[in-house]
Each structure stands twice: as C-alpha cells, then as structure tokens.
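# Results of the structural survey
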Amino acid sequence: MRINKNYYNFSFGKYCGVIVNEKTMRKISALQAKTYDALMQILKNDDDIHVASWSIADEPKEISQSERTFNYSDDESPEFRLGTLRELFGIEKIDDLYFVKGRYTYSRIQAKKEHEQYLESISPKATDMKEEAK
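Residues numbered from 1 in each chain as written. Predicted model: local features only at pLDDT ≥ 70, side-chain atom pairs only at ≥ 80, totals over all residues. Heavy atoms only, no water.

Per the counting criterion, the structure on display carries two aromatic pairs. With centroids separated by 6.1 Å and ring planes inclined at 40°, the aromatic side chains of F70 and Y72 adopt a geometry described as tilted. Note on F70: relative accessible area 36%, which makes it partly exposed. Taking the relative accessible area as the measure of exposure, Y72 reaches 39% and is therefore partly exposed. Taking the ring centre of Y118 as reference, the NZ or CZ of R2 above it sits at 3.6 Å. (Phe/Tyr/Trp six-rings, centres within 6.5 Å; stacked < 30°, edge-to-face > 60°. Buried < 20%, exposed > 50% of the residue type's maximum accessible area, 1.4 Å probe, protein only. Lys NZ or Arg CZ within 6 Å of the ring centre and 35° of its normal.)

All chains considered together, the criterion is met by three salt bridges. Among the salt bridges present, the one from R2 reaches D96, with a minimum N-O distance of 3.0 Å. In this pair, R2 sits in strand β1 (residues 2-3) while D96 sits in the loop between β6 (90-94) and β7 (97-98), placing the two residues 94 residues apart along the sequence. Given the relative accessible area of 39%, D96 is considered partly exposed. The residue E22 makes a salt bridge to R26 at a minimum N-O spacing of 3.0 Å. (Salt bridge = Lys/Arg side-chain N within 4 Å of Asp/Glu carboxyl O. Helix = DSSP H or I, 4+ residues; strand = E, 2+ residues; numbered from the N terminus.)

By themselves, these are just geometric observations and shouldn't be taken as functional.
Following this line, the structure appears as structure tokens:
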C-alpha cells in the first residue's frame with residue numbers, strides 16, 4: 001500500500017536504519033542538534049585533532065586488501081571535515097514509501113510492482129501508449 005504521509009529514513013550507515021514518522025523525526029533532529037553542538041565544542045577546542053584519511057598500498061598483491069589498508073593524516077585543516085558532522089545521523093524524507101507484508105525478498109518484489117503500477121498510473125506517456133494500442 002502506498003503511503004502518502006511524511007516519513008523519514010533515519011540511517012545508521014550504509015545498510016541499516018529505520019523509517020520514522022514526522023513527530024519522531026523532530027525528536028531525533030533536536031537530539032542530533034544538541035549532539036552536534038557538544039561534539040563541535042570538544043573537537044574545536046582540542047589541539048590534538050588531525051584529519052583522518054586512509055588508502056590501500058598497491059604492493060604486494062599476494063597480501064589481502066584489508067592488510068594493505070593503512071590510515072594517515074596530513075596537515076590539512078580539519079575545519080572542512082568537521083562541517084560534515086551534521087551528517088552524523090542521516091535523515092532524509094522518503095518520497096515513495098510502500099508498506100507490504102512478507103520477508104525481505106518478497107516484500108521488495110511486491111513494493112517494486114506497486115511502484116511500477118503507480119508510475120504507470122501517473123505517466124501521461126503510459127496513458128498515451130495504452131490509447132495508441134487500442
């Protein structure tokens with residue numbers, strides 16, 4: 001079923017998160033602002049803050065990539081990186097949300113099917129193609 005209320009994806013990283021309504025999102029956003037301010041106070045007042053970067057050594061190829069990964073810091077100012085703290089908890093509005101029943105694989109297929117039907121219903125091109133087919 002297509003949902004037309006405002007919902008937000010509250011991400012904890014690349015592959016996990018939760019969907020929250022607007023009321024809950026506002027609470028999370030307020031907490032996020034407090035956390036951001038506290039972190040900025042700590043990080044801006046410490047002389048021992050360095051820019052974090054990582055890379056992978058090319059050689060030797062027979063050693064695994066995880067063993068060839070290393071961290072380093074240079075003399076770049078951390079100010080730019082600190083600006084990205086606002087994205088500590090990603091929150092983004094969801095435009096097309098469907099609630100479907102079933103485990104992951106089935107529910108994904110069902111949601112995809114419903115979204116395709118929705119797109120066909122609003123697409124003038126799809127309507128024109130149906131008219132031409134008659």
